[in-house]
Amino acid sequence: MFPVEKRRIGWVDAAKGMAIFLVVLGHNPLPGIAIKLIYALNVPIFFMMSGYTFNSAKYPSLFSLIKRLFFSVLVPYVIMNLLAFPIYYLARGQAVDLELFLDVLGGMAYGVGTMQSLRVNIPLWFLPCIFVVQCLWYLIDRYGGRIKVLLVLSASLIGYFMPVFVPVRLPWGADVALTGVVFFALGGLLRQRTITESMSKSRLIIAFLLLLGLNLVFNLMNKAAAPNVDLNILRFGNYILFYLCALCGCGAIIAFAHIVQRSWLLGCIGRNTLWILGLHSIFIQIFEVVLKVNIISIRAFNSLFLTVLEIVCVLLLKLVYDGIRTVMARTRALRESDGKTMSRV
């Protein structure tokens with residue numbers, strides 16, 4: 001998701017659009033089976049698409065990558081948390097004070113997707129985590145040599161067994177990043193092997209249906225080991241079934257994204273995933289206050305409506321923001337032009 005290439009790729013934006021829609025839908029009340037299906041693939045596909053658009057050769061050093069990520073990932077992370085802070089507590093009728101503010105700052109510094117850390121905006125756990133993933137992959141890609149595959153495989157095993165041997169969560173989702181880097185690396189591999197680019201639409205449809213079916217089968221098989229798979233809280237279930245399920249789900253989304261890659265709507269959503277990720281939970285709080293309704297009590301059909309409403313609200317806010325920036329840029333350009341004209345006179 002972050003950062004992305006300047007040249008937009010239609011199917012990648014469509015895949016991101018579907019993925020972020022599933023993320024927002026998963027944060028609204030749904031039946032257990034729907035939650036299980038969504039959580040098994042919505043985060044892995046984001047890691048994979050981030051890996052697809054990442055190129056370590058663009059960065060001469062790790063420091064240059066960190067500098068880029070600081071502005072594209074960490075700054076939005078801080079801003080969106082601070083925006084959510086007063087709304088979260090005011091929605092609960094709780095007065096905002098310095099103690100709460102310091103507590104939120106401490107949670108932001110820890111950067112783990114739990115109520116103890118990022119309670120005001122839990123979805124933002126992905127941002128520090130993708131920061132760690134990109135730095136980790138950069139080191140593997142630049143210095144791993146012939147053992148890159150071994151290093152990635154080792155990361156996946158360590159990430160899987162981490163909850164068993166380490167009772168505390170690592171800051172910035174570094175424990176999740178050990179699994180995330182696997183999908184990130186596969187995204188980079190996908191960029192080099194353009195298998196889906198030459199497939200006809202009929203074959204893509206068959207691939208989509210087949211992979212979606214396999215995703216469902218592996219998901220149900222993994223149910224005994226983990227009722228609800230959730231990468232954020234390190235709940236994987238069976239190691240092999242987790243990866244098979246996630247990879248089939250990612251493959252299904254990628255195949256479908258190629259089918260609908262010209263979709264303006266999915267492309268628009270996919271180009272604004274950062275905004276939707278960071279702000280949709282704020283609108284959940286606002287809806288609870290304005291509509292005087294407990295979101296948790298809402299049925300699945302209404303959850304689908306709320307998901308669309310939350311995304312539309314974020315996109316409208318982004319449209320206003322872009323409009324203000326455009327007006328400010330034009331005003332600044334006019335002033336500079338007038339200044340140059342006056343200096344000539």
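Throughout, residues of each chain are indexed from 1 in the direction in which the sequence is written. Given that this is a predicted model, residues contribute local features only at a pLDDT of at least 70 and side-chain atom pairs are listed and counted only at 80 or more, while totals for whole chains, interfaces and linings are drawn from all residues. Note that water and hydrogens are dropped before the side-chain values are worked out from all heavy atoms of the structure.

1. Considerations on the overall build of the protein
Secondary structure counts use DSSP, requiring at least four H or I residues in a row for a helix and at least two E residues in a row for a strand, with both numbered from the N terminus. Tallying secondary structure elements over the protein gives 14 helices and 0 strands in all. Reading the secondary structure of the protein in the N-to-C direction produces α-α-α-α-α-α-α-α-α-α-α-α-α-α. Burial here depends on accessible area, computed with a 1.4 Å probe over protein chains only, as a share of the maximum for the residue type. Under 20% is buried, over 50% is exposed, and the range in between is partly exposed. Put simply, the protein has 345 residues, and 48% of those count as buried. Two residues form a contact once any of their heavy atoms are found within 4.5 Å. Taking all contacts inside the protein whose residues are at least 6 apart in sequence as the whole, residues at least 24 apart take part in 78%.

2. Describing a nonpolar patch on the surface
Patch membership needs two things, relative accessible area over 30% and no salt bridge, and members are linked within 9 Å if like-charged or within 5 Å if nonpolar (Val, Leu, Ile, Met, Phe, Trp, Tyr). Per-residue and other accessible areas were derived by the Shrake-Rupley procedure at a 1.4 Å probe size, with only the shown protein chains allowed to occlude residues. Each salt bridge in this description consists of a side-chain nitrogen of Lys or Arg and a carboxyl oxygen of Asp or Glu lying within 4 Å of one another. Together, Val78, Leu82, Leu98, Leu102 and Leu105 make up an exposed nonpolar region whose accessible area comes to about 420 Å². Those elements that provide at least two residues to the nonpolar patch are helix 4 (62-90) and helix 5 (98-110). Element by element, the count of residues in the nonpolar patch is highest for helix 5, at 3 residues.

3. Re the state of the cysteines
Disulfides are defined as cysteine sulfur pairs within 2.5 Å. Under the criterion given, the structure shown has 0 disulfides. Cys248 takes part in no disulfide bond, and the closest cysteine sulfur, belonging to Cys245, lies 7.4 Å away.

4. Regarding helix 5
An α-helical turn contains 3.6 residues, so any two residues separated by three or four positions project in the same direction. For helix 5, which comprises 13 residues, the first-to-last C-alpha distance of 18 Å matches the rise-based estimate of 18 Å (1.5 Å per residue) to within 8%. All of the buried residues along helix 5 are Leu100, Val104, Gly107 and Met108. Along the axis of helix 5, the buried residues cluster in a sector spanning 100°; they form a single face. In helix 5, the exposed positions angled more than 90 degrees off the buried face are occupied by Leu98, Glu99 and Ala109. For helix 5, the elements touching its buried residues are helix 4 and helix 6 (115-118). Here a polar contact is recorded for every N or O atom pair within 3.5 Å, except that within protein the pair must consist of a potential hydrogen donor and a potential acceptor, and residues adjacent in sequence are included only if both atoms are side-chain atoms. Near the N-terminus of helix 5, the side chain that reaches the backbone nitrogen of Glu99, with its oxygen 3.3 Å away, is that of Asp97. At the C-terminal side of helix 5, Gly111 shows a positive phi close to 65°. By this rule the span expected of a helix is its residue count minus one, scaled by 1.5 Å. Think of the arc as the fan of directions from the helix axis to the C-beta atoms.

5. Details of the packing of helix 9 (residues 174-192) against helix 11 (residues 239-259)
Contact pair helix 9 / helix 11: the axes reach a minimum separation of 12 Å and the direction vectors enclose 40°. By the angle between their directions, the pair helix 9 and helix 11 is classed as oblique. Like other packed secondary-structure pairs, helix 9 and helix 11 cross with a definite hand, here right-handed. Contacts between helix 9 and helix 11 involve Thr179, Val182, Phe183, Leu186 and Leu190 from the first element and Phe242, Tyr243, Ala246, Leu247 and Ile254 from the second. For this classification, Asp, Glu, Lys and Arg are treated as charged, while Ala, Val, Leu, Ile, Met, Phe, Trp, Tyr, Cys and Pro are nonpolar and the rest, including Gly, are polar. Of the residues that constitute the contact of helix 9 with helix 11, the class distribution is 9 nonpolar, 1 polar and no charged. Fitted lines through C-alpha atoms give the axes, limited to the stretch in contact for helices. The angle between two N-to-C directions lies from 0 to 180 degrees. Any angle that is under 35 degrees is reported as roughly parallel, and any over 145 degrees as roughly antiparallel; angles of 65 to 115 degrees are reported as roughly perpendicular and all others as oblique. By definition, turning the near helix anticlockwise from the far helix through less than a right angle yields a left-handed crossing, and turning it clockwise yields a right-handed one.

6. A short note on the layout of surface pockets
The calculated volume of the largest pocket comes to roughly 960 Å³. Buried and open spaces are told apart on a 1 Å grid over the protein atoms alone, a cavity being a set of points where a 1.4 Å probe fits but cannot get out and a pocket being an open set with protein on both sides within 12 Å along at least five of seven lines. Residues with an atom within 4 Å of a point are the lining residues. Surrounding the largest pocket, 35 residues form its lining, Gly26, His27, Tyr39, Ile122 and Pro123 being those nearest its centre. Put simply, the parts of the chain that give the lining of the largest pocket at least two residues each are helix 1 (10-26), helix 2 (32-39), helix 3 (42-52) and helix 13 (273-290). For the lining of the largest pocket, the leading source of residues is helix 13, giving 6 residues. The class makeup of the residues in the lining of the largest pocket is 18 nonpolar, 13 polar and 4 charged. Grid points are joined across faces, edges and corners, and a volume is the space filled by probe spheres set on the points. Counted as a void, the second largest pocket has a volume near 410 Å³.

Such coordinate-based values are descriptive only and should not be taken to indicate function.
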